[in-house]
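Next come the chains, spelled out residue by residue.
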Amino acid sequence: MWKWLGHLKTINHHKRLVMKHCFKAGLYKQGLLHDLSKYSPTEFLVGAKYYQGDRSPNNAEREDKGYSMAWLHHKGRNKHHLEYWIDYSLDPKEGMIGLRMPDKYLVEMVCDRIAASKTYRKDAYKDSDPLDYFLNSKEHYMVHPETAKSLQFLLSMLKEKGEEETFRYMKQELLGKK
């Protein structure tokens, strides 16, 4: 199969899963608009070049070049990524800090992490995978403490209570939707 076609199928599959999850959480507009930047030439062409099928092509680009132009483009346009919410503190002594993410983007991030785990883990996926990924990576994140706490809470709920209860909680309790 051509790499560009494999990449297109992967991002389409991921986008459909995120949309389905966002709809369950009551985020219809975000579900429809999720990750549209992946279809831009800056992201798509790099993704096709570095496509492997079992992990993000951004990691392969980063290994090759020392940075990922596709990721820099993506994180700057998609508010469901922790990295979008990094800015200079009002206190110059603090330097750059993670800002608190609004709940609707936190919920979209949870939907994105579940979908990414399902996309790359395929039949081996377990509801504990998104939490495991977060716990194995959280030391290097620049994230607001409340956002980190909320994300860990929601991913732990997913692991312990499953998708149905987690999506119900995010929709009704966190976002206040009926």
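Criteria and thresholds
Residues numbered from 1 in each chain as written. Predicted model: local features only at pLDDT ≥ 70, side-chain atom pairs only at ≥ 80, totals over all residues. Heavy atoms only, no water. Salt bridge = Lys/Arg side-chain N within 4 Å of Asp/Glu carboxyl O. Helix = DSSP H or I, 4+ residues; strand = E, 2+ residues; numbered from the N terminus. Phe/Tyr/Trp six-rings, centres within 6.5 Å; stacked < 30°, edge-to-face > 60°. Axes fitted to C-alpha atoms, helices over the stretch in contact; angles between N-to-C directions. Parallel < 35°, antiparallel > 145°, perpendicular 65-115°, else oblique. Left-handed = near helix turned anticlockwise from the far one by under 90°. Contact = heavy atoms within 4.5 Å. Nonpolar A, V, L, I, M, F, W, Y, C, P; charged D, E, K, R; others polar. Buried < 20%, exposed > 50% of the residue type's maximum accessible area, 1.4 Å probe, protein only. Arc of directions from axis to C-beta. Polar contact = N/O pair within 3.5 Å; in protein donor to acceptor, adjacent residues only side chain to side chain.

> Can you explain the pattern of salt bridges? Please cite residues and give values.
For the structure on display, the rule yields ten salt bridges. A salt bridge links Glu61 to Lys65, with the shortest nitrogen-to-oxygen separation between them at 3.3 Å. Residue Glu61 and its partner Lys65 are both found in helix α4 (residues 57–65); the two are separated by four residues, about one turn of the helix. For Arg121, the salt bridge is made with Asp129, and the minimal N-O distance between the two is 2.9 Å.

> Residues and numbers for the packing of aromatic side chains, please.
Under the criterion given, the structure shown has six aromatic pairs. For the pair Phe134 and Tyr141, a centre-to-centre distance of 6.0 Å together with 20° between the ring planes defines the contact as stacked. Cluster of aromatic residues (ring-pair linked, three or more members): Tyr84, Trp85 and Tyr105.

> Now, about the packing of helix α1 (residues 3–24) against helix α6 (residues 103–121): what can you tell me, with residues and values included?
Here α1 crosses α6 at 140°, and the two axes come no closer than 8 Å. In this view, α1 runs oblique relative to α6, as classed from their interaxial angle. Of the two possible hands of crossing, α1 and α6 adopt the one that is right-handed. Along its contact with α1, which presents Thr10, His13, His14, Leu17, Val18, His21 and Cys22, the element α6 presents Glu108, Cys111, Asp112, Ile114, Ala115, Ala116, Lys118, Thr119 and Tyr120. In terms of residue class, the contact of α1 with α6 is built from eight nonpolar, five polar and three charged.

> So what's going on with α4? Residues and values would help.
Every buried residue of α4 is accounted for by Pro57, Asn58, Ala60 and Glu61. Down the axis, α4 shows its buried residues gathered within 160° of arc, on one side only. The inward-facing, buried residues of α4 abut α1, α3 (41–49), α5 (69–75) and α6. For α4, the N-terminal cap is Ser56; the gap from its side-chain oxygen to the backbone nitrogen of Asn58 is 3.1 Å.

Geometric descriptors of this kind do not, in isolation, establish any biological role.
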